[in-house]
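# Structural overview for review
The chain contents come next:
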Amino acid sequence: MKYMDEFRDPATAKKLVAEIHKLASTSLSQREPLQIMEFCGGHTHTLFKYGIESMLPDNIEMVHGPGCPVCVLPMARVDDCVAIAEQPGVIFTTFGDAMRVPGTRKSLLQAKADGCDVRMVYSPMDALAIARKNPEREVVFFALGFETTMPSTALTLLQAHREGLQNFSLFCNHITTPATMRAILTDPDLRLDGFLAPGHVSMVIGAHPYDFVTRDYHKPLVITGFEPLDILQALWMLVKQFAEGRCEVENQYARIVPEAGNVAGLKAIAEVYETREHSEFRGLGNIGDAGIQIREAYAAYDAEKKLGLPFDFAQGAVGYDPEHLKCADVLRGVMKPWECPAFAKTCNPQNPLGALMVSPEGSCAAYYAYGKLAKRKETV
Amino acid sequence: MCLGIPGQITELVDLEFLVAKVDIGGVKRDVIITCVVDDEHPAESCIGDWVLVHAGFAMSRLDEEEAARTLALLAELGDMQAEMEIMRQVGASA
């Protein structure tokens, strides 16, 4: 990409870091450090990869948020996926990340090894292509993720509908970002001062769905890209808001994120999906209005209805994550990965026990990959 | 999962279903362009455009002018702040 190198320019990064230090030392009056949450796992990855946290002044602390679709997946949902994959005649398709997330019985990868037809795809359209080629089999796509992935699954369903395909369905586990953010903001254990908002979710939903964060909770928010300079500029913009006593939604990632979002994407989402009353997220429990389900008009493409699955979303699933794993506390930002007794011992990228260790966007995987295995190393 | 990769549209594959060939770091792949096509940007005019591709779908047009503006601001940031600091100091002692 034409601008890739420029957005990683070390000299500019140095200037920005100096500006952040200057602002933080002269304008932040709080005794406690500012707690800024990067909601998105992609941002967590950039923070670690480029060592951005260690460049920040002591009175700015990053809190790693739950914005990784795989990481917020309760074990019960993985069990449901395995149960679908085990049904005779089913081809179960999914993004690669989801294959390795442990369920209580097994992961999808283990289900595949045990003989289930589980296939990794790059795009939901690949799953549709498999359905066209295998008219005698039911092809289920595991639709998960925040708003970034919603238009692609919705458009794929609409395409299946146009073609009149009878053997394609979605197992819908999408979740919405604003409702998840609201759940974080009402969590009594978390003290947050501001947000770096996810760039690619925002490219779909635009800037206005975050207005409640500044209006109702008085936390400044900056929509941010994924290059190191994006993150540094967004942090500078956020600290500047504190310094100037402002509280606004700002868009650092305007080269990708239009104010009003993506019109065609939002239209497809509205056509296919509606809010689900109850949804359980790993670490956050039941969150009303955050989960998404397929509208009745497209029930023929809803794996839950089509296959008569052995669970009841309406009651809210039971997460039953093992107690010794502290994924929930890490996800909520109240515990660092190295404080979990399993971290880097029984739980590691080769043998992940929790979802946060599976996806590169998960904070445990990021801590592990960049050698931050304990507090003493984190502060070096 | 939520990351996207920038790519450049090189040719139209299927106008009816809005499929285009996109060069993503040297790899050419069929991509659905529904989300970046509208009255202002008809499919036929998309060749050469940069888009952000996510899971086989072009999700956003990459605004090169906006990218250049951001970079220019970042480049000036340190110098601009230093200059303002001097102005403030000069102003205070005048």
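From a predicted model like this one, the values you see are computed outputs, not experimental measurements.

## Digging into the overall build of chain B
Summing up its helical and strand segments, chain B has one helix and five strands in all. When the helices and strands of chain B are placed in sequence order, the string is β-β-β-β-β-α. In chain B, which comprises 94 residues, the proportion classed as buried is 43%. In the structure as shown, chain B presents an accessible area of about 5000 Å², 55% of it carried by carbon and sulfur atoms.

## Focus: the interface of chain A and chain B
Frequently, the measure chosen for interface size is the accessible area removed from exposure when the parts meet. Counting from both sides, the interface comprises 44 residues of chain A and, opposite them, 35 residues of chain B. Of the roughly 3700 Å² buried where chain A meets chain B, counting both sides, 72% is carbon and sulfur surface. Scanning the region where chain A abuts chain B turns up one salt bridge. Where chain A packs against chain B, one counts eight residue pairs in polar contact (both at pLDDT 80 or more). Mapped onto the side of chain A that touches chain B, the elements with two or more residues apiece are helix 1 (10-27), helix 7 (124-133), helix 8 (150-163), helix 10 (199-205), helix 12 (228-243) and helix 13 (263-272) of chain A. The residue inventory of the side of chain A that touches chain B, partitioned by class, reads 22 nonpolar, 13 polar and nine charged.

## Some remarks on the packing of helix 1 of chain A against helix 12 of chain A
Residue and element names in this part refer to chain A. At a minimum axis separation of 10 Å, helix 1 and helix 12 run at an interaxial angle of 20°. As summarised for this structure, helix 1 and helix 12 are arranged roughly parallel, according to the angle between their axes. Crossing handedness for the pair helix 1 and helix 12: left-handed. Along the contact surface, helix 1 presents Thr12, Ala13, Leu16, Val17, Glu19, Ile20, Leu23, Ala24 and Ser27, while helix 12 presents Leu229, Leu232, Gln233, Leu235, Trp236, Val239, Lys240 and Ala243. Taken together, the residues that form the contact of helix 1 with helix 12 break down as twelve nonpolar, three polar and two charged.

## A word on the pattern of salt bridges
Residue and element names in this part refer to chain A. All chains considered together, the criterion is met by 24 salt bridges over all chains. Here glutamate 248 makes a salt bridge to arginine 246, at a shortest N to O gap of 3.1 Å. Overall, glutamate 248 belongs to the partly exposed group, its relative accessible area being 32%. With a shortest N-O distance of 3.6 Å, arginine 295 and glutamate 274 are connected by a salt bridge. Linking arginine 295 in the loop between strand 13 (292-294) and helix 14 (303-306) with glutamate 274 in strand 10 (residues 273-275), this pair joins segments that are 21 residues apart in sequence.

## A look at the sheet that holds strand 9 (residues 249-251) of chain A
Residues and elements named next belong to chain A. With parallel pairing, five strands are arranged side by side in an open sheet as 2-1-7-8-9. Each edge of the sheet is formed by a strand with only one pairing partner; in this case those strands are strand 2 (60-67) and strand 9. Averaged over all adjacent pairs, the angle separating strand axes in this sheet is 25°, with direction ignored. Sheet topology places strand 7 (residues 194-198) next to strand 8 (residues 221-224); four bridges connect them, and they run parallel. In the strand pairing of strand 8, alanine 197 is matched with isoleucine 223. With respect to the sheet, helix 2 (residues 41-49) is in contact with strand 1 (34-40), strand 2, strand 7 and strand 8, its orientation differing from that of strand 1 by roughly 120°.

## Side note on the packing of helix 8 of chain A against helix 13 of chain A
Residue and element names in this part refer to chain A. Running from N to C, helix 8 and helix 13 point in directions that differ by 60°, and their axes come no closer than 8 Å. Between helix 8 and helix 13 lies a crossing of left-handed hand. Here Met150, Pro151, Ala154, Leu155, Leu157 and Leu158 of helix 8 lie close against helix 13, whose contacting residues are Gly265, Ala268, Ile269, Glu271 and Val272. Considering only residue class, the contact of helix 8 with helix 13 consists of nine nonpolar, one polar and one charged.

## Things to note about the sheet that holds strand 3 (residues 90-94) of chain A
Within a sheet, each strand pairs with its neighbour through backbone hydrogen bonds, oriented either parallel or antiparallel. Residues and elements named next belong to chain A. On the basis of which strands lie adjacent, the open sheet formed by four strands has the order 4-3-5-6 and parallel pairing. With partners counted over all chains shown, the strands left at the sheet margins are strand 4 (118-120) and strand 6 (168-174), one partner each. In this sheet, neighbouring strand axes are inclined to one another by 25° on average, regardless of whether the strands run parallel or antiparallel. In terms of strand pairing, strand 5 (residues 138-145) meets strand 6 through seven bridges, oriented parallel.

## Describing helix 9 (residues 177-185) of chain A
With respect to burial, helix 9 of chain A is a largely interior element, seven of its nine residues being buried. Among the residues of helix 9 of chain A, Thr177, Pro178, Ala179, Thr180, Met181, Ile184 and Leu185 of chain A are the ones counted as buried.

## Let's talk about the packing of aromatic side chains
To describe a pair of aromatic rings, you give the distance between the ring centres and the angle between the ring planes. Residues and elements named next belong to chain A. One pass over the full model with this rule turns up nine aromatic pairs over all chains. A centroid spacing of 5.4 Å and a plane angle of 85° characterise the contact between phenylalanine 95 and phenylalanine 141, whose relative ring orientation is edge-to-face. Here phenylalanine 95, found in the loop between strand 3 and helix 5 (96-99), pairs with phenylalanine 141, found in strand 5; they are 46 residues apart in sequence, far enough to count as distant. Residue classification places phenylalanine 95 among the buried positions, given a relative accessible area of 8%. On the basis of relative accessibility, which here comes to 0%, the residue phenylalanine 141 falls in the buried class. The rings of Phe48, Tyr367 and Tyr370 are connected pair by pair, giving a single aromatic cluster. Here the basic side chain of arginine 255 rests over the ring of phenylalanine 7, its NZ or CZ set 3.7 Å away from the ring centre.

Scoring rules and cut-offs
Residues numbered from 1 in each chain as written. Chains lettered and ligands numbered in written order. Predicted model: local features only at pLDDT ≥ 70, side-chain atom pairs only at ≥ 80, totals over all residues. Heavy atoms only, no water. Helix = DSSP H or I, 4+ residues; strand = E, 2+ residues; numbered from the N terminus. Buried < 20%, exposed > 50% of the residue type's maximum accessible area, 1.4 Å probe, protein only. Areas by Shrake-Rupley, 256 points an atom, 1.4 Å probe, with all protein chains shown as cover. Contact = heavy atoms within 4.5 Å. Buried area = accessible area lost by both parts, 1.4 Å probe. Salt bridge = Lys/Arg side-chain N within 4 Å of Asp/Glu carboxyl O. Polar contact = N/O pair within 3.5 Å; in protein donor to acceptor, adjacent residues only side chain to side chain. Nonpolar A, V, L, I, M, F, W, Y, C, P; charged D, E, K, R; others polar. Axes fitted to C-alpha atoms, helices over the stretch in contact; angles between N-to-C directions. Parallel < 35°, antiparallel > 145°, perpendicular 65-115°, else oblique. Left-handed = near helix turned anticlockwise from the far one by under 90°. Pairing = 2+ DSSP bridges. Phe/Tyr/Trp six-rings, centres within 6.5 Å; stacked < 30°, edge-to-face > 60°. Lys NZ or Arg CZ within 6 Å of the ring centre and 35° of its normal.

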